[in-house]
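A structural walkthrough
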Amino acid sequence: MNANGRVRPKKALGQHFLTDMSVARRIAETLDGYVGLPVLEIGPGMGVLTRFLLDEGHNVKVVEIDNESVEYLTEHFPSLEGRIIADDFLRMRLDTLFDGKDFAIIGNYPYNISSQIFFRLLEVKDRVPVCSGMLQREVAERLAASPGTKARGILSVLLQAWYDVEYLFTVSENVFNPPPKVKSGVIRLTRNKVTDLGCDEGLFKTVVKTTFGMRRKTLRNSLKSLMPQGQFIADEALLALRPEQLSVDQFIRLTNMVAEARRNTLSAPNAD
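Residues numbered from 1 in each chain as written. Predicted model: local features only at pLDDT ≥ 70, side-chain atom pairs only at ≥ 80, totals over all residues. Heavy atoms only, no water.

A few points about the overall build of the protein chain
Counting its secondary structure elements, the protein chain contains 10 helices and 9 strands. Its C-alpha atoms put the protein chain at 80 × 40 × 30 Å along the principal axes. For the protein chain, the residues scored as buried account for 48% of the 272 residues in total. At a minimum sequence separation of 6, the contacts of the protein chain that also span at least 24 residues come to 68%. Entry remark: accessible area of the protein chain is about 13,600 Å², with carbon and sulfur atoms responsible for 48%. (Helix = DSSP H or I, 4+ residues; strand = E, 2+ residues; numbered from the N terminus. Buried < 20%, exposed > 50% of the residue type's maximum accessible area, 1.4 Å probe, protein only. Contact = heavy atoms within 4.5 Å. Areas by Shrake-Rupley, 256 points an atom, 1.4 Å probe, with all protein chains shown as cover.)

Written out as structure tokens, the structure reads:
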């Protein structure tokens with residue numbers, strides 16, 4: 001900590017501490033209506049957001065990897081005793097958190113791991129009905145991007161298969177210490193009613209990642225590595241598109257077509 005007893009922002013941890021209390025309050029309010037749901041806050045820093053979550057009556061646990069921040073929170077938030085987890089969210093066990101009950105996730109997410117956080121969210125999607133928070137605006141826009149927009153990417157599709165994603169508001173770079181070089185965006189993800197995609201979920205992920213890995217190519221070309229030799233998809237209109245143009249439902253249909261082509265290969269009689 002510095003001479004004023006405050007935590008020093010660490011570039012290696014992607015720390016940019018929010019200094020505007022009105023913004024912190026607005027972020028906390030993204031969980032209005034979920035007061036009965038336990039909350040895990042990722043990267044609380046000096047508790048700017050934590051304070052408002054506690055004031056609104058949330059049952060909060062915080063996970064913080066920075067030892068200085070853990071020390072600060074322990075000293076300044078005695079009500080968090082026993083609820084400060086000194087760990088890395090990307091590595092910690094989530095299955096036993098809150099005694100196995102559903103929980104919300106919120107945070108002013110470190111820029112350098114924000115995408116990884118949301119990939120981790122997908123692993124516990126059936127236990128997290130709502131997730132909100134602030135991250136780099138470009139990433140926030142990507143998560144909420146609609147089909148046909150340049151911002152659409154892998155996480156757009158994978159998250160929107162299971163969540164309704166809302167881009168809520170933009171935050172100026174001038175309300176942080178130190179100020180980042182870009183603006184931030186606040187989003188909220190609310191679990192939809194999907195319990196089964198209607199396709200092989202592992203293959204769905206593979207199709208999405210493979211096609212976006214060659215996003216400048218049409219699906220006809222980017223899918224070649226996934227298709228058995230001699231097999232093809234007959235939907236020429238779909239194959240002429242690029243991945244950012246597809247809806248979640250179209251990706252599901254495409255996944256089933258790839259799966260069918262693979263089954264046809266397995267069931268085909270061997271040549272003499």
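So, the sheet that holds strand β3 (residues 60–63)
Here 7 strands make up an open sheet; going across it, the order is β4-β3-β2-β5-β6-β9-β7 and the pairing mixed. Each edge of the sheet is formed by a strand with only one pairing partner; in this case those strands are β4 (84–85) and β7 (163–171). Where β7 meets strand β9 (residues 184–191), 8 bridges bridge the pair, whose relative direction is antiparallel. Its bridge partner lying in β9, Tyr163 is registered against Arg191. Across the sheet, helix α5 (residues 137–144) lies against β6 (130–136), β7 and β9, angled at about 140° from β6, the strand it touches most. (Pairing = 2+ DSSP bridges. Axes fitted to C-alpha atoms, helices over the stretch in contact; angles between N-to-C directions.)

Section: the packing of helix α1 (residues 21–28) against helix α2 (residues 48–55)
For any two helices packed against each other, the geometry is given by the interaxial angle and the distance between the axes. At their nearest, the axes of α1 and α2 sit 9 Å apart, and the two run at 50° to each other. Relative to α2, the element α1 lies oblique. At the point where α1 passes α2, the crossing takes the right-handed sense. Residues Met21, Ala24, Arg25, Ile27 and Ala28 of α1 form the contact with α2, whose participating residues are Val48, Leu49, Phe52 and Leu53. Here the residues of the contact of α1 with α2 sort into 8 nonpolar, no polar and 1 charged. (Parallel < 35°, antiparallel > 145°, perpendicular 65-115°, else oblique. Left-handed = near helix turned anticlockwise from the far one by under 90°. Nonpolar A, V, L, I, M, F, W, Y, C, P; charged D, E, K, R; others polar.)

A word on the packing of aromatic side chains
Applying the stated criterion to the full structure yields 3 aromatic pairs. When the centroid spacing of 5.5 Å and the interplanar angle of 75° are considered together, the rings of Tyr109 and Phe118 count as edge-to-face. What makes Phe118 buried here is its relative accessible area of 0%. Lying across the ring of Phe98, Lys61 places its NZ or CZ 5.0 Å from the centre. Cation over ring: Arg120 sits above Phe89, and NZ or CZ is 5.9 Å from the ring centre. (Phe/Tyr/Trp six-rings, centres within 6.5 Å; stacked < 30°, edge-to-face > 60°. Lys NZ or Arg CZ within 6 Å of the ring centre and 35° of its normal.)

What about the side chain of His58?
Here His58 lies in the loop between α2 and β3. Leaving out residues up to four positions away in the same chain, His58 has contacts with Leu31, Tyr34, Val35, Leu37, Val39 and Leu53.

A look at the pattern of salt bridges
Evaluation of the coordinates by the stated rule reveals 13 salt bridges. Note that Arg191 is salt-bridged to Asp126, the shortest N-O span being 2.7 Å. Within this pair, whereas Arg191 is found in strand β9, its partner Asp126 is found in the loop between α4 (114–123) and β6, the two being separated by 65 residues in sequence. With a relative accessible area of 17%, Arg191 lands in the buried category. Here Arg220 and Glu236 are joined by a salt bridge, their closest N and O atoms 2.6 Å apart. One end of the pair, Arg220, is in helix α8 (residues 219–222); the other, Glu236, is in helix α9 (residues 236–239), and 16 residues separate them in sequence. Bridged by salt links that share partners, the residues Lys125, Glu201 and Lys205 form one connected network. (Salt bridge = Lys/Arg side-chain N within 4 Å of Asp/Glu carboxyl O.)

Considerations on the nonpolar core
If you look at the biggest cluster of nonpolar residues, it comprises 54 residues, and the most contacted ones within it are Phe118, Phe204 and Leu223. Top contributing element to this core by residue count: helix α10 (residues 248–267), with 7 residues. Ignoring any residue separated from it by four or fewer positions in sequence, one finds Leu223 in contact with Val207, Thr211, Ile233, Leu239, Leu254 and Val258. Counting 26 residues, the second largest nonpolar core, distinct from the first, contains Val48, Val60, Phe77 and Ala104. (Core = buried A, V, L, I, M, F, W, Y, C linked by side-chain atoms within 4.5 Å.)

Examining the pairing of β9
In terms of burial, β9 is a largely internal element, 6 of the 8 residues being buried. Here β6 runs beside β9; their pairing, made up of 7 bridges, is antiparallel. Looking at the pairing, Gly133 lines up with Ile187 of β9.

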